[in-house]
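Remarks on the overall topology
One-letter residues, chain by chain:
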Amino acid sequence: MPLPTLLRRYGLPSLLFGLCFGLVLLSGMPVMSQTAIPSNVAAQTKLTPKPQPTAKLPSDALAATVRKTVLENGLTVLIKEVNTAPVVTVQVWYRVGSRNETPGISGIAHQLEHLMFKGTKERPIQFGRFFSALGSESNAFTSYDETAYFGTVEQDKLKALLVLEADRMTNALIDEQQLNSEKRVVISELQGYENNPSYRLGRSVMKAAFPNLPYGLPVGGTKADVQKFTVKQVRDYYRKFYRPDNATLVIVGSFKTDQTLAAVKETFGKVPKGAGAVPGSKPSKPSLAAKQPAALQPAAPQPAVGATKKPIVLKEPGSAALLNEVYPLPPIGNPDVPALQIMDYILTGGRSSRLYQALVESGLASDAGGYAANLIGAGWYEFSVTAAPGKELSQIDTVLQKTLADLRDQSVTQEELDRAKTQFKASIALRNRDITSQAQQLGDDQTSTGDYQFSDRLQAAIATVTPADVQRVAKTYLTPANRTVGFFEPTQLNGKPGTSSNFSQTAENFSPGAPVDPAEVAKYLPKTTASDKKGTQALPEKLNLANGLSVLLLPDRSTPTLTLSGYVKAGTAFDKAGTAGLASLTAANLMNGTKTNDALAIAKRLENRGASLSFSANREGVAIGGNALAADLPTLVRVLGAVLQNASFPDDELGLSRQRALSSLKLELDNPARLARRVFQQTIYPENHPFHTFPTEASLKQITRDNVVQFYQQHYHPDSTVLSLVGDFDSSQVRALLNQELGSWQDPTQDATLAFPKVPLPQTVTRVNPVLPGKTQSITYIGYNGIDRKDPRYYAALVMNQILGGDTLSSRLGTEIRDRQGLTYGIYSTFQAGITSGPFLITMQTAPEDADKAIASTLSLLKQFREKGVTEVEVTAAKRSLTSSYPVELADPDSLASTILMDAVYGLGTNEIREYTDKLNAVTLAQVNQAIQSLLYADRVVVVTAGPGKAAASQK
């Protein structure tokens, strides 16, 4: 599940802890540094900001059609009809987070969030099974200020979600057994974050900078605190904060408002109001009209500031030097927030930003970014920089300080100001294209500011920001005396990353429990309502240019935005061992210049419009991703056409790209999830298979500009390229634009072909254990080569996989390994079927000392699965879950564009988007059990576990 897309003040996922299980396992990159929030700062200038009037909201504002109601029990209800797709999202936001914690109980809000899925007095089973049965895209998160639960379903399941959320608002089961089990899961999650040096650095910086503020505590807590939680503590916390007068219910989607409000009163209206006052006052509506220096209005205790503090230095095992720097900012209600948001974009808003140009384009850093966070009680600005190989952190810090001094001492240009305002405006529209994101924006605004229209008002206020405003807030907040800085200096690893040991299969034998009976779920599942709006999915129009380029067009007028998705047959499978990394380096350099524009000119052309365009190589192709406001489609297509046809690959930019690739390689080899996946794939596929090859330091250094140009000329052709476009456009105008910008693209070079040798199954259980000193968690991959997308067993395999491990809260693997044994934060299985056969894999994260037990239990469950098969009831439930979630996925423009694109790439035809659910529904019990026998193995698998190793685990 993706993390919620909130305001830019929640710029990094570091702010959100929760049941977003796929984040660590599937991305391979744990959550970034979790930076706490400093308090307000005294004014350090006599400049007075320009007053910012409160403008009347335009008719197309995000909150313009929202209906707000407050029930008698105090519950705030926000309802917004969006009848573009037959889906609806239901979200409950509680005004409680780590801001409400104290040392000794850090992480209790996050712990409670986990327990909210364990069942209620009325429904004493895992709530994830209900959400899976409804086909809901459901999740939850805990942040500094808020805890939120959200689910998006087909419209006929709206009432069912209301019933479930109302039930767990007041009836959650919190007992000793559930708490002990979920403590292990939470600790597993925290260990995953601890694996990342940037998390550890950020936590150390904030702990030192703000020892007396609750924002200085880690959102997820510490292992020591989590281990000490008692049932009484968690129950008291639940009763204190989980109450209707401390919550906001947000409903967005296809429904009738009056009927929905009646259903809300029927379900949530019965929830009793909490006793006494809610701890912490309700937020007052912020004023964005500054009439005096904003920082003269402190809203929270101030951290000690004064002379510049010495850097906090962490010398620990790692792969790259890191800098983390934090400056106090005011809370969300402060009138300086609009100017701070613009300052943020000027500093870090894309390739043309000041920080990127000063640090990344100069070659000092491989990555640099920052963001402004303004929350209920306080705020902060954080800079995070990854040093380029061989570059000193002190030098990077000097350049960063010079960049900030320039911002304080000199007015920003009108071009910078206009670009930042455009980027902000575009970002609001682009991140609120789907109903889930719209609801999240409304819920966050209401919870943190008491004003669900806050984002619209902020946008109006930002239009009045001047260069003087930006300079003033930079002088006020980004001063050397206010900063706290930390350096992470990696020590020499005790052993080469990737060094591994082979172990035979563990001798432990665990007997998995009986699978959960879907009838038990059905017994407690709220009834769904009849719907007359199922609708028929629109089909894309296919356009074939004369040069062989294929384009799929699907107009969608629901928002004034566009989503571009694309594929070029130029993926990493074409890499040779000696120059592995060539495909990725070529894709990364497409935006670095053309025959007529350099990299900065290309970046400004897009960023001046708030648009984006990117290229990234994966296993079977290069993925193209682009977003823009509808009016900026010509700009997006013209840049796309220019780089696809006329990329120039300048030597200096290629050198910087190689440097960043080397840094990324070091980080990958120090990341348990990424290293485990690399070793897993190289163990499955023989050396002569295209999927075996991965970049090395030697291969990246071997790549020349001639190699890149040759690869570009050999693989980037119009007849090996497919594009999809979803959004607000006129098809006839788009056809003319595409023919104009891409129709003349010609390339006489013949398309390259690949040989894919047959991949045998392992003869036995093969275990490989790459050792990474200094890590706190192990990541395991289990599997072997699977099937391709056109395999006739594909749909039966999907149903089988949904039962086995498609959902960590409702599958057999999740029920056994996570829920019953508490061995992992998340466990999944999947078939990565592509143009050619990709791996079947199971992924999980565990404490190092639990890895063997979790692996043995998983293999025992696979054996049980093969021996006993599945039942008709399980197949029916799995099909219902898959077919119900599909329309929900397609309601997201990004997902829709990607789906129609890959259907074309796989040669499935434009009708697949309609026929997909019919094909799933046609799967029979016999076909699923046959698929189990032909596709699932327990004794012929590769098992790769990357982590600190057995010796380190035994010392814990």
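Everything below is about the structure printed above this text.
Here the residue numbering is sequential within each chain, running from 1 through the sequence in written order. Only residues with pLDDT of at least 70 get local features here, since the model is predicted, and only at 80 or more are side-chain atom pairs given and counted; chain-wide, interface and lining totals rely on the full set of residues. Water and hydrogen atoms play no part in the side-chain values, which are based on all heavy atoms of the structure.

Comments concerning the pattern of salt bridges
Test applied: Throughout this description, the term salt bridge denotes a Lys or Arg side-chain nitrogen within 4 Å of a carboxyl oxygen of Asp or Glu. For the purposes of this entry, the term helix denotes a DSSP run of H or I that reaches at least four residues, the term strand denotes a run of E that reaches at least two, and both are numbered from the N terminus.
Scanning the model with the defined rule gives 45 salt bridges in all. Glu415 serves as the salt-bridge partner of Lys604, at 3.7 Å between the closest nitrogen and oxygen. Note that Lys604 is positioned in helix 19 (residues 599-607) and Glu415 in helix 13 (residues 414-430), a separation of 189 residues in sequence. Residue Glu697 pairs with Lys701 through a salt bridge whose shortest N-O separation is 2.8 Å. Placement of the pair is Glu697 and Lys701 together in helix 23 (residues 697-702), with a separation of four residues, close to one helical turn. In this structure, a network of salt bridges that share partners links the residues Lys118, Arg129, Glu182, Arg818 and Asp819.

Here's the deal with unusual backbone geometry
The residue Phe649 is not glycine, and still its phi comes out positive at about 50°. On the secondary structure map, Phe649 appears in the loop between helix 20 (633-646) and helix 21 (651-669).

Some details on the sheet that holds strand 10 (residues 365-374)
Defined as follows: By definition, two strands form a pair when at least two bridges between them are found by DSSP. Note on definitions: angles span 0 to 180 degrees between N-to-C directions of axes, and those axes are lines fitted to C-alpha atoms, for helices only across the stretch in contact.
The mixed open sheet is built from five strands, whose spatial order is 8-12-9-11-10. Two strands in the sheet have a free side with no partner beyond their single neighbour: strand 8 (312-317) and strand 10. On average, adjacent strands in this sheet sit at an angle of 15° to one another, irrespective of strand direction. Looking at chain direction, strand 9 (residues 322-329) and strand 11 (residues 379-387) are connected through eight bridges and run antiparallel. Considered in strand 11, the bridge of Leu322 is made with Thr386.

Structural notes on the environment of Asp788
What counts here: Note on contacts: a residue pair qualifies if any of its non-hydrogen atoms lie within 4.5 Å across the two residues. Distance and chemistry together define a polar contact, namely a pair of N or O atoms within 3.5 Å, with one atom able to donate a hydrogen and the other to accept it when in protein, and with adjacent residues in sequence counting only for side-chain atoms on both sides.
Summarising the element assignment, Asp788 is placed in the loop between strand 21 (778-785) and helix 26 (794-805). Along the backbone, Asp788 and Gly834 are 46 residues apart, and their C-alpha atoms lie at a distance of 5.0 Å. Ignoring anything within four residues of it in the chain, the contact list for Asp788 reads Tyr794, Ala833, Gly834, Ile835, Thr836 and Ser837. At 2.9 Å, the side chain of Asp788 and the backbone nitrogen of Lys790 are in polar contact. A polar contact is formed between the side chain of Asp788 and the backbone nitrogen of Asp791, at a distance of 2.9 Å.

Description of the sheet that holds strand 18 (residues 622-629)
Read from one edge of the open sheet, six strands run 14-15-19-16-18-17, paired in mixed fashion. This sheet does not close on itself; its edge strands, each paired only once, are strand 14 (541-544) and strand 17 (612-617). Going across the sheet, the axis of each strand differs from the next one's by a mean of 15°, ignoring polarity. Against the sheet, helix 20 makes contact with strand 16 (561-568), strand 17, strand 18 and strand 19 (721-727), and its axis sits at roughly 35° relative to strand 17, the strand it touches most. Each of strand 14, strand 15 (550-555) and strand 19 touches helix 25 (residues 731-742); the most contacted strand, strand 15, lies at about 155° to it.

Notes on the pairing of strand 3 (residues 76-81)
Our working rule: Working definition: with a 1.4 Å probe on protein chains only, accessible area under 20% of the residue-type maximum means buried, over 50% means exposed, and in between means partly exposed.
Counting buried residues in strand 3 gives five out of six residues, a clear majority hidden from the surface. Note that strand 2 (residues 67-70) and strand 3 share four bridges and pair antiparallel. Across the sheet, the residue bridging to Thr69 is Val77, located in strand 3. In this sheet, strand 7 (residues 247-253) lies alongside strand 3 in parallel orientation, the contact comprising six bridges. For Val77, the partnering residue across the bridge sits in strand 7 and is Leu249.

As for helix 16 (residues 467-477)
Counting buried positions along helix 16 gives nine out of 11 residues, so the element sits mostly inside the fold. Taken together, the buried positions of helix 16 are occupied by Pro467, Asp469, Val470, Gln471, Arg472, Val473, Ala474, Thr476 and Tyr477. On the buried face of helix 16, the contacting elements are strand 9, helix 10 (337-348), helix 12 (393-409) and helix 13.

Focus on the pairing of strand 19
In terms of residue burial, strand 19 counts as a mostly covered element, since seven of its seven residues are buried. Across the two faces of strand 19 the burial is the same, with Thr721, Leu723, Leu725 and Gly727 and Val722, Ser724 and Val726 all buried. Bridge analysis of strand 15 against strand 19 gives six bridges, and the strand direction is parallel. Across the sheet, residue Leu552 finds its bridge partner in strand 19, namely Ser724.

Quick word on the packing of helix 26 against helix 31 (residues 912-921)
Selection rule: Crossings are classed by handedness, with left-handed meaning an anticlockwise turn of the near helix from the far one by less than a right angle and right-handed meaning a clockwise turn. Gly is put with the polar residues, along with every residue not named as nonpolar or charged; the nonpolar set is Ala, Val, Leu, Ile, Met, Phe, Trp, Tyr, Cys and Pro, and the charged set is Asp, Glu, Lys and Arg.
For the pair helix 26 and helix 31, interaxial distance at closest approach is 10 Å and the crossing angle is 65°. In the crossing of helix 26 with helix 31, the sense of the turn from one axis to the other is right-handed. Residues Tyr795, Leu798 and Val799 of helix 26 pack against Glu912, Tyr916, Lys919 and Leu920 of helix 31. Residues belonging to the contact of helix 26 with helix 31 are distributed by class as follows: five nonpolar, no polar and two charged.

Focus: the nonpolar core
The tendency in soluble globular proteins is for nonpolar side chains to be buried as a group. Just so we agree on the cut-off: Here, nonpolar core means buried Ala, Val, Leu, Ile, Met, Phe, Trp, Tyr and Cys residues that are tied together by side-chain atoms lying within 4.5 Å of each other.
Counting 62 residues, the largest nonpolar core has Leu162, Tyr242, Leu249, Ile251 and Phe268 as the members making the most contacts within it. With sequence-adjacent residues up to four places away left out, Leu162 is seen in contact with Val90, Leu249, Ile251, Ala263, Val264, Thr267 and Phe268. In this structure, Ile787, Ile900, Val905 and Tyr916 belong to the second largest nonpolar core, which totals 57 residues.

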